[in-house]
Amino acid sequence: MDIVILLVVLVGSLGLSVIFGRYLARMIVYEKRPLEKTLGKIENGFYKIIGVDKYEQMTWKQYFLAIVVTNVIAAGFLMAVLLYQNSLPLSPRPGLSLDLAFNTAASFVTNTNLQHYAGEQQLSIFSQMVGLIFMMFVAPASGIAAAFAFIRGFIRKEFGLGNFYVDFTRIIITLLLPISFFSALLLLFLGVPQTLDSTITIGTLQGGSQTIPIGPVAALESIKELGSNGGGFFYANSSHPFENPTGISNVFECILMLVIPLSFPIAYGHLLGKGRGISILAAMLIGFGVMLALGLSEQSGPTGLETRFGSFGSTLFMESSVATNTGAANAALTGMSPNAVIGFFLGMFVQAIPGADGTGMMMMIIFVVLTLFLVGLMVGKTPEFMSMKINPRDVKLAAFVFLIHPALILIPSVMAYTTENAQSVLGEHTTPATFTQVLYEYSSASANNGSDYLGTSANTPFWNWSTAWIMLLGRYAPIGLMLAVAGSFTLRDRKEVVEPIKTSGFLFVGVLSVMVFILTALTFFPFLAMGPFSI
Amino acid sequence: MRTIKSKVFSPAIRIIVLMIITTGVAYPLLVTAVGQTVLPSQSNGSQVILNGKVVGSELISQNYNSTKFFHSRNSTDSGSGVDPDITPANALSQIPGISNSTGIPANALRTLVELDIERNKETNALVFAPDYVRVLNINVELVNQYPEVYTQEITPKGGN
């Protein structure tokens, strides 16, 4: 039975990835899509209102600036909604404190969805809907757009990185919105509620009364999973029966989380060589397989788990969620086995197995560049990628992208202890279990994952401000550096010669997977040893 | 400065306003309209009706203090705190107690549990979930089949 669930999730998400991968490839190179005429008309309407020329190309700096400015405006809007939700319609609640509003806005705009609040208690329906659902489209669309620009950098000389506003519009209107709409209807059918009321008060069987929080959950749930967002309508996230009512909804949500991240290597294969795409897909699946194997090697629960999912359904969902940096949870982290948690750390450290929508693919290409450089050193060949020389600047930028992550995790973890802020939340006595929770908090923030142990207990100024800045740096610094890499590749000459080190095939997949593992293990092993390995 | 303003800020603000309307307002309202029209039961929280009265949501656990009912998990034992289900083992272990307080034969209770497990299996297309018992459904079924046993329990308290 478990094997059937696993097969349906894998075959379902891979099968859909083949379809959507082809579609993404068409979007990246502006090829004709199904319904092109209709879609084109709608998009042109948007461009007219926005005031952009769809043929105008951006440099990497302009593209990055457009992402940042658009995201800042969106985050400003969300923050204002959260601060002043008391004077906005649809079951108003008291406005959030400044630090919590900043944390939440940063969290949702960076595609993290770390939650230091309890949605059903602290947010109005207006905030959940106009604030969060809106941002759940903006954040993944920005990441996918960045990946489009990044991939265009490799296609051919001066192909151009594209126009952010055009990509952003097309991604939301012709990819995220239609899939979310149909997925929301399917979730509704399976039992996820959808209403503008914030609570229902009903009698119980024994004649008492029960007040149950409710809301536009289905509309949020679908884009939450599809967009690697992960922020729950309810504090209990996807373990809440209104977010994830049955075993079927659980499987469907797993597929939704995996489909876009897995579509990217397929799109890449269409554009840059089938073998290369399949090899990257294989490397991603190997990493994901290791996470799953770790999780399934040990029984989780039953405390902290939902009866309708059991150990297998919980582990599969949680590993899929953390692997795609969605960060949704259908079980309490404290209910998961130590091995499963080690799997979560692996996913958050690598960020590319398969990683979040768009950014996971970009990160994997950074690993490819680093691998080519290291292997080139070993065999004494000048590293090349897509028939272009990899120069020292590319390697430096790629190394920066890799090194930002441990810096953003380890420095604030140490600060949380030296300033006693870790102790004030987790107790004076530091154990491997409490250290794990601190390490997890910043790993999740930096990886833009969003799952966490601390939850509302971290709703203090220190934790709100520190994780907010880590999320912002963890999002925009790597995207900026990766776009810089693409910006220089797009100007570079291609030599029509055989690659000195082939970037496809079994050997390359093996070398790439081992490299990713070694780089990650060398960087993080000591901290894992102090935390999850010692539990 | 002027070029930056017109080239970056103006399209950025416009695209955000457009997306607030499209994704933050139109999309959830459209899903609500379709849901409330086509799937009103699910849209409003899968409310369970017994003798014309709402007695809970099928998806949300409730507290039972009577020994005549099957009991849910303690709220902090699950991930959600409102887990509507219990394992078959848990349900079976409650049967002797319920049989004692109600006089309903243990065999009949066991059959009810097994039927509920089968129904939940069908909900999950046989393979997509482990076996479980949905507590509210089975308690409602008890009241339906043995109304005389439960007259005390289902009378509203507090004179209402």
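Thresholds applied
Residues numbered from 1 in each chain as written. Chains lettered and ligands numbered in written order. Predicted model: local features only at pLDDT ≥ 70, side-chain atom pairs only at ≥ 80, totals over all residues. Helix = DSSP H or I, 4+ residues; strand = E, 2+ residues; numbered from the N terminus. Expected span 1.5 Å × (residues − 1). Buried ≥ 20, exposed ≤ 12 C-beta atoms within 10 Å, placed from the backbone. Arc of directions from axis to C-beta. Contact = placed C-beta atoms within 7 Å. Nonpolar A, V, L, I, M, F, W, Y, C, P; charged D, E, K, R; others polar. pLDDT = per-residue confidence, 0-100. Domains from an automatic or database assignment.

1. Remarks on helix H4 (residues 106-123) of chain B
Residues and elements named next belong to chain B. Here H4 is 18 residues long and its end C-alpha atoms lie 26 Å apart, about the 26 Å a rise of 1.5 Å per residue gives. Among the residues of H4, those classed as buried are Leu109, Leu112, Val113, Asp116 and Asn120. Taken end-on, H4 shows its buried residues confined to a sector of 95°, consistent with a single buried face. Counted as exposed and oriented over 90 degrees from the buried face of H4: Asn107, Thr111, Glu118 and Glu122. The inward-facing, buried residues of H4 abut helix H3 (88-102), strand E4 (133-134) and helix H5 (135-145). Positive backbone phi, at 50°, marks alanine 125, one or two positions downstream of H4.

2. Regarding unusual backbone geometry
Here glycine 301 of chain A and proline 302 of chain A are connected by a cis peptide whose omega angle stands at 0°. Note that proline 302 of chain A resides in the loop between helix H10 (274-296) and helix H11 (310-323). Note the cis peptide between isoleucine 353 of chain A and proline 354 of chain A, where omega equals -5°. Its location among the elements puts proline 354 of chain A in the loop between helix H12 (338-350) and helix H13 (359-379). The phi torsion at alanine 125 of chain B lies on the positive side, around 50°, for a residue other than glycine.

3. So, the environment of asparagine 120 of chain B
Mapped onto the fold, asparagine 120 of chain B is located in helix H4. For the pair asparagine 120 of chain B and tyrosine 132 of chain B, spaced twelve residues apart in sequence, the C-alpha separation works out to 7.0 Å.

4. Details of the interface of chain A and chain B
With 73 residues of chain A at the contact, the number on the chain B side is 67 residues. The element that contributes the greatest number of residues to the side of chain A that touches chain B is helix H7 (residues 164-190) of chain A, accounting for ten residues. Here the residues of the side of chain A that touches chain B sort into 48 nonpolar, 23 polar and two charged.

5. Details of the confidence of the model for chain A
Scored by pLDDT, chain A has a mean of 95; 100% of the residues are at 70 or more. Ranking the helices and strands of chain A by mean pLDDT puts helix H8 (residues 217-226) of chain A first, with 98, and strand E3 (residues 384-385) of chain A last, with 87.

6. Let's talk about the confidence of the model for chain B
Residues of chain B with pLDDT of at least 70 account for 92%, and the chain-wide mean is 91. Of all the helices and strands in chain B, helix H1 (residues 2-38) of chain B carries the lowest mean pLDDT, 90, while E4 of chain B carries the highest, 97.

7. Considering the domain arrangement of chain B
Split by domain assignment, chain B resolves into domain 1 (1-44) and domain 2 (46-150). Distance between the C-alpha centres of domain 1 of chain B and domain 2 of chain B: 42 Å.

8. As for the domain arrangement of chain A
All names here are of chain A. Looking at the assigned domains, one finds that chain A contains domain 1 (2-265) and domain 2 (357-534). Counting from both sides, the interface comprises 44 residues of domain 1 and, opposite them, 41 residues of domain 2. Broken down by secondary-structure element, the contributors of at least two residues to the side of domain 1 that touches domain 2 are helix H3 (60-83), helix H4 (98-109), helix H6 (125-155) and helix H9 (247-272). Examining the composition of the side of domain 1 that touches domain 2, we find that ten residues originate from one element, H6, more than from any other. Of the residues contributing to the side of domain 1 that touches domain 2, the split by class is 24 nonpolar, 15 polar and five charged.

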